[in-house]
Structure formats: C-alpha cells, structure tokens
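Each chain, written out:
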Amino acid sequence: MATNGVNGSATNGDDYEGEFGHGIQVIDENKEFTSTMPEYLTSTNVLQAGFSYHLISVFGSQSTGKSTLLNHLFNTAFPVMSESRRQQTTKGIWMSLATDPNASSNPDEPHLGKNILVMDVEGTDGRERGEDQDFERKSALFAIATSEVLIVNIWEHQVGLYQGANMGLLKTVFEVNLQLFQKDKSTVHRSLLFFVIRDHIGHTPLENLKNTLLADLNNIWHGLSKPPGLETSTISDFFDFTFATLPHKLLQPDQFKLETQRLKLRFREESPTNANYSADGVLDTSKTGVFLPAYHRRIPADGLPHYAGNIWRMITENKDLDLPTQQELLAQYRCDEISVVCVELFDEVVTPFEAALSQKIVQSDLGPAMKTALDTSLIKFKEEAGRYHKVVYKRKLEDLEKKLQARLKVLYVAQLTAAHKNAIAVFADTIQKGIKRSGADFASLVTETRATVLADFTTEAESCSLEGAFSYTDELHAVEKELDEGATRLRGEEMTRLLARMEKSLRTKFTSEDDGVAYMFKTISPSLYPRIWNLFTTGVTDQISLFTQRSTALNATSEENEQAVYKLKKRAWKVLRMILDEETKEQSLITRLMGYFDKDFRYDDQGVPRVWKAGEDIEGTFAKSKETVMKLIPNLATFQLEDSTKPPLATFIGDAPEGVEEEVGVAAEEDEEEDVASPTSTKTFTILTPGRITSLTESFNRQADQAFVDAKRGTISSVSQ
Ligand code: GDP
Ligand code: MG
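The model shown is predicted, which means the values in this text are computed figures rather than measured ones.

Student: How do you make sense of the packing of helix α10 (residues 304–316) against helix α11 (residues 323–355) when you look at a structure like this?
Tutor: The axes of two packed helices give the description: the angle between them and the distance between them. The interhelical angle for the contact between α10 and α11, taken along N-to-C directions, is 135°, at an axis separation of 10 Å. In terms of their interaxial angle, α10 and α11 are classed as oblique. In this structure, α10 meets α11 at a crossing whose hand is right-handed. Residues His306, Tyr307, Asn310, Ile311 and Met314 of α10 form the contact with α11, whose own contacting residues are Leu323, Gln326, Gln327, Leu330 and Tyr333. Looking at the contact of α10 with α11 residue by residue, the classes come out as six nonpolar, four polar and no charged.

This is the structure we're talking about:
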C-alpha cells in the first residue's frame, strides 16, 4: 500500500508502526471523529509535548499527489493512488507524525522539526459537488481551527484558472476563517497558506505564478461578504503566504526527490520570532522556516484529542464555532481531568493519615507528609494545567487548592487536638514524677516542663502549618491556659500534701515521749497548760517557717500561702485538742491522779513504800494526800495561762483569709469537733466540763478510798498475825 516513507529508521521507533502504520484516521468516511488519538499521541510521545508540536494540513483537489507529497516530505505512509487504478484513496482526514530519517544519521545537518503532526485531508473531486462540497467546508473549518500551516497543493496548469476547483476551495477556506475568528477579533490567529505548485515545467517562473495566485486570492477576498466588524479586513490580517514549486514526479523523479528534500527543510525545528516578508508581502519561508509562533493554536498536546473532537462535533452539528469558547471548554475539561490525577497523587500520601484519624493520636511525620502531598499535587497541576486557558486554569487551581487544604485542615485540627492533649498529659506526668523524686523544686520543675511541652507542641503545630497557611495561635493559648490551670491544681495538691505532712510532724512533736503533751501531763500543775501552749506555739511557728520555705519553692501565691498557714494553725490546734482529749480521758486522768495520791499516801518522803503500823495516822495522811490531789483537778478544767487568762489563740491563728471561711464552714457542719478549733468558741478551752469534773472527782474518791481501806486492812492483818 505505502509507496514511500515507512522504514526502520523512523525516529519514533517501531512501537506505533504496527498499530498505527498509516497514522490514524481522525475523521472517517462516516464523518466520525476518532477515539484513538490519545493512544496515537501517547505512542508517538507527542501527548506530553505541551506546546512543542506542530499541526499541518494539506488541501487540494483529489489525486493531485497530496499524499505522495506528504510521504516524501514527512516520511509518512499515507495511502497513495496506484498508477494503474485511478481511484480516490484518502477518505476523511488522516493524521500521521512526521519523521526524518536524516535526523538521526546526521544530527548536525538541518532537519525536520520534532513532533510535526500532518493531516492528509480528503480532496474534492472536481466533478461531483454537493455532498463533497459540504465535507470540503467542514474539513476546511476543522483544519483552520487546528493547523498552523495549510499546504495548498496545486498543479501548475491550474494556476490562473480562477473558476477552478482550487479557487472554490480557497474561497471556502477564507469564508470559514472569517466565520471562525469574527467572535474573537482581539486575538490575531494567523495561518500560513503554503502553495506547492506541482509539475512545474519551468516555462513560467515561480514569481509569475505567485503573482497570478496572489491576484486571484485578493479577488476572492474582495468578493467575500464579510461579517460585521470585519468589512475592512484584508487577507493579510489572517494569512501569510509562501510559494514553492516541484518538478513532475514521474518525468523528473530524481529532481522531484531532490526538491522535496529541500522543501522539507522549510519545516525545520527552529521557530523564528521575526517573520521575513518580501516586498509583495509574501513570507520567505526559505529564510525563516514555516513555524512562526503566531500560527500555533496554543492547544497543549494532551488537550488536542478533546479539543479536536469538540471542534469536529460543533462543526458537524452546524453550531457556531468560536475558538476562545472552545479553549475555555477545553481548559475546564482538561483541568478537571488533571485535577483528578493530582488528587490521586495527594491521596496516596494523605489517605493513610486520614484513616488513622480515629486513633486520635499525634501522627508522626504528618507535617512533612502534608507538605509533600500538597506540593506534589499542586506542582503537577501547575505543570500540566498551566498551559490551558489562564482564567480557567487559575480558577481550577484555586478549587483544587481549597479542596486539598480543606482535607489537610481536618488532619491539622486533629493533630493539634492530639498534641494539645499530649502536652497536658506529659506535663502532669512529668510534674508528678518530679515531685515523687523528692527535693525537686516544684516551681522550676513547672517552669521547665511547661517550656518543654510548649516547645514540643509548637514544633509539631509549626511542622503541620504548611508554612503558616494554618494558624495555631488560639490552640497554643488554650494549651498555655490549661497548663497554668494544671500547674495551679498540682500546686494545690502539693500544698495539701505538704499541709498533711506538717500536720503529721506536729502530731509527732505533740505526742513525743520526751517532751510531748503526755510527758507534760506527768506534772499536773497550774503551769501544765501554759507549758503545753508554749509547746503548741513554738511547734506551730517552727512548722510554719518550714512550710513557708517549702511553699515558696512551690511558687505559691501569697494568698495561697496565707490560706495554708491559717489552715495549718487551725489543724494544729485541732490535733492538740484531740491529744488533750485523749490525755484527759477519765481513765487516764484517774491513773495520773492516783499516781500523785500514791506517791503521797503509799510512799514516804524517800520514795519507800509505807508499811502502816498500828497507831500511825492513816486518816490524817489520807486526808492530806487526797486534798493535795483534789487541788490539782481544777488546773485541768480550763486551758488557760498562768494568769488565768485564755491563751491568745485567736490572735495566734489570725483572721481567716479570703477563700477559706467556706471550707471551714462546711467542715464544721460535718464535724462537730471542729468547734473546738474555733478560737472564739467557749468550748475551745474547756477541757473538762463541770459534769466531767464531778464524775472525775467521784471516781478518784472511790479509788482513793479503796487505797485507804486497803491500807487499813493491812494494819489490821499485820496486828492480827
Ligand atoms: P492525492 O489523492 O492527492 O493524495 O494523490 P496521490 O498522492 O494518491 O496521487 C495520485 C496519483 O498521482 C498517483 O497515481 C501518483 O503516482 C500521481 N502523482 C504523484 N505525484 C505526482 C506528481 O508530482 N506529478 C504527477 N503528474 N503525478 C503524480
Ligand atoms: Mg491522498
């Protein structure tokens, strides 16, 4: 089938040649648009080329050697009519990638540009019109909407035949061009019409042929009815022209080959920025090459299948076609497609973290992962979608950013919550352990731990903040507040423990065998309670100075200190009163009183037990001893100083500082004994009520009487022996 072109030296390799040996049929004979363009562009490595590709179409009557020309120029394999059976071969529109066998063999030589897609358009048969003409118009529109260069293939002998088929074709091209661009007059879409004059015998120089054609083109242009706004437009507003001739392929095959190889170089890689026009306005493409940037339709290669497909659909549905709208639609479609891929990239990184959200823990490496996911996704989007319609692209980029950020925000908020919880837990734990390590300075422990957990929190929050996109100021303040509340609570607990320890050591002091209350009770005298008062005040004062040292280390406030000191004094008094109550239980007192009595009555002055003899004054001694002891009892009744005044307990304890009254009040309701700790209550200093004194006196009398009876009985028995 192919008479030329396809061979192993094609630069784009073998992979597409099997499946796409003739390229693809973009529009088939049923006027359907192909679905294989994405695969074709992928297999030819054009899909990812961005704007680095070119699109060329060829026009001309049927069987004028168009396919033959393309195959020679671009090393394509478009089907060519065989010499014996003359029939139409190209149906619809074909597309094939140009290759250059010379490029790889001699890279320094000028060679064909890269990624040139060539479209071979079915030509009209000059004889039949109608159906044909309709397709001619549609294919012209399609070609103009997509192609940078339109090769117009024409035989030399057709030049000047103004009424010929070619002129009809050109009129169509101009008309559809006006139709296409009238909606978008601001942008100048230019195209190059490249006239290739075939079977040039040489009698008429190119210059003459060119002038004839230009005159005809201008005539056609003037004859066109222009749409509103474009009445005064000239043909050169839209088109550049360039001309070339080729010798007869069959009569001068070698010349033909040579000339096509030279012609090929007009389609070279370089992309000139300055067009080079001759005096008559014709573009000298031998100097500049054909690919002026202004011709490029600016459709990224990966959007070409969708764009071309849409254009064709609009054309076949006879809808108004304007390229700016098509570009926007394409941008929306492609941006959405690219967005999906970018979200997938994002998902790969982020989904595992989202799945772990339910664990409510601080997720390690979340920050870097968030950043990587967002960056990877957005970079890809910018790279691929950035080539599309700018306004649409920016909007879609914003949409994507918002969407991804919203998902990251959820992770971020959860991370902050977990980090917050963590900070509080670590803080409480560290302080508690620190306290147990005893001797730890609570205040500096709190300061250091607070700083450490806040630094950890900030580091974590910062690493997930996407360089400040997310703020954590509020959360940080919340953590600080909670830490401070925690510190206050822990200090309160510590103060309570401290108070308990102080209370315990006071109790130990008060109950000491050597100099405690019990020891003092060994000597019942008017100075008993004054001595105990002294024990109380010095003991408490010592504890308070110790307490103040410790509470300063706790960083307690002066209010907290005052409250604690007040509590300690009250509790100390309560402890003392309990010890006093214990010591003054009837049985204890009887024992003590009997001790006094026995010392006087049963022992003599030298401490030797008396053996009563008949005639000794038992009654007198008994009465004296009993009286001595009875005199002691009033000393025990009221806790007072030697001058019989009540001790200055109220002054010693001081006024209740703010914040403690209630606590004491509540306790008082629950605990009747609390009454005795109130320095103003009469009960406070009453150790033995009158009733108890009576009862004590009676008990003592009974026991003393018993001692007397025993003594008496002793003398009688000794007498009777
Ligand atoms: P297309 O229909 O325009 O694509 O024409 P083809 O490339 O299929 O060629 C149609 C016929 O013209 C074939 O038989 C070719 O051999 C012949 N042909 C190709 N190039 C030339 C040429 O330069 N001069 C002439 N006279 N015939 C040619
Ligand atoms: Mg053909």
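Next comes the rest of the account.
Student: Just to check I follow, could you spell out the packing of aromatic side chains for this structure?
Tutor: In this description, a pair of aromatic rings is defined by centroid distance and the angle of the planes. Counting across every chain of the model gives 31 aromatic pairs. A ring pair is formed by Phe536 and Trp573, whose centres lie 5.3 Å apart and whose planes are at 80°; its orientation type is edge-to-face. Here Phe536 is found in helix α17 (residues 528–553), whereas its partner Trp573 is found in helix α18 (residues 558–583), with 37 residues between them in sequence. The pair Phe536 / Trp573 is uniform in exposure class, with both members buried.

Student: Can you walk me through the sheet that holds strand β2 (residues 54–59) in this structure?
Tutor: Pairing between the strands of a sheet comes from backbone hydrogen bonds, and it takes one of two forms, parallel or antiparallel. Strand order in the open sheet formed by seven strands is β1-β3-β4-β2-β5-β6-β7, and the pairing between neighbours is mixed. On the outer flanks of this sheet lie β1 (24–27) and β7 (239–245), each paired with one strand and no other. Sheet twist, expressed as the mean angle between neighbouring strand axes with direction ignored, is 25°. Strand contacts of helix α3 (residues 66–74): β2, β3 (93–97), β4 (116–121), β5 (149–155) and β6 (191–198), with the helix running at about 170° to β4, the strand carrying the most contacts.

Student: Before we go on, may I ask you to explain the pattern of salt bridges in this structure?
Tutor: Side chains bearing opposite charge may pair, as long as their charged atoms lie close to each other. For the structure on display, the rule yields 33 salt bridges. The closest approach of N and O atoms between Asp484 and Arg450, which form a salt bridge, is 2.8 Å. One end of the pair, Asp484, is in helix α15 (residues 473–510); the other, Arg450, is in helix α14 (residues 442–463), and 34 residues separate them in sequence. Note that Arg602 and Asp598 form a salt bridge whose closest N and O atoms lie 3.3 Å from each other. Residue class for Arg602 comes out partly exposed when judged on its relative accessible area of 42%. Accessibility expressed as a relative area gives 17% for Asp598, which makes it buried.

Conventions and cut-offs
- Residues numbered from 1 in each chain as written.
- Chains lettered and ligands numbered in written order.
- Predicted model: local features only at pLDDT ≥ 70, side-chain atom pairs only at ≥ 80, totals over all residues.
- Heavy atoms only, no water.
- Axes fitted to C-alpha atoms, helices over the stretch in contact; angles between N-to-C directions.
- Helix = DSSP H or I, 4+ residues; strand = E, 2+ residues; numbered from the N terminus.
- Parallel < 35°, antiparallel > 145°, perpendicular 65-115°, else oblique.
- Left-handed = near helix turned anticlockwise from the far one by under 90°.
- Contact = heavy atoms within 4.5 Å.
- Nonpolar A, V, L, I, M, F, W, Y, C, P; charged D, E, K, R; others polar.
- Phe/Tyr/Trp six-rings, centres within 6.5 Å; stacked < 30°, edge-to-face > 60°.
- Buried < 20%, exposed > 50% of the residue type's maximum accessible area, 1.4 Å probe, protein only.
- Pairing = 2+ DSSP bridges.
- Salt bridge = Lys/Arg side-chain N within 4 Å of Asp/Glu carboxyl O.

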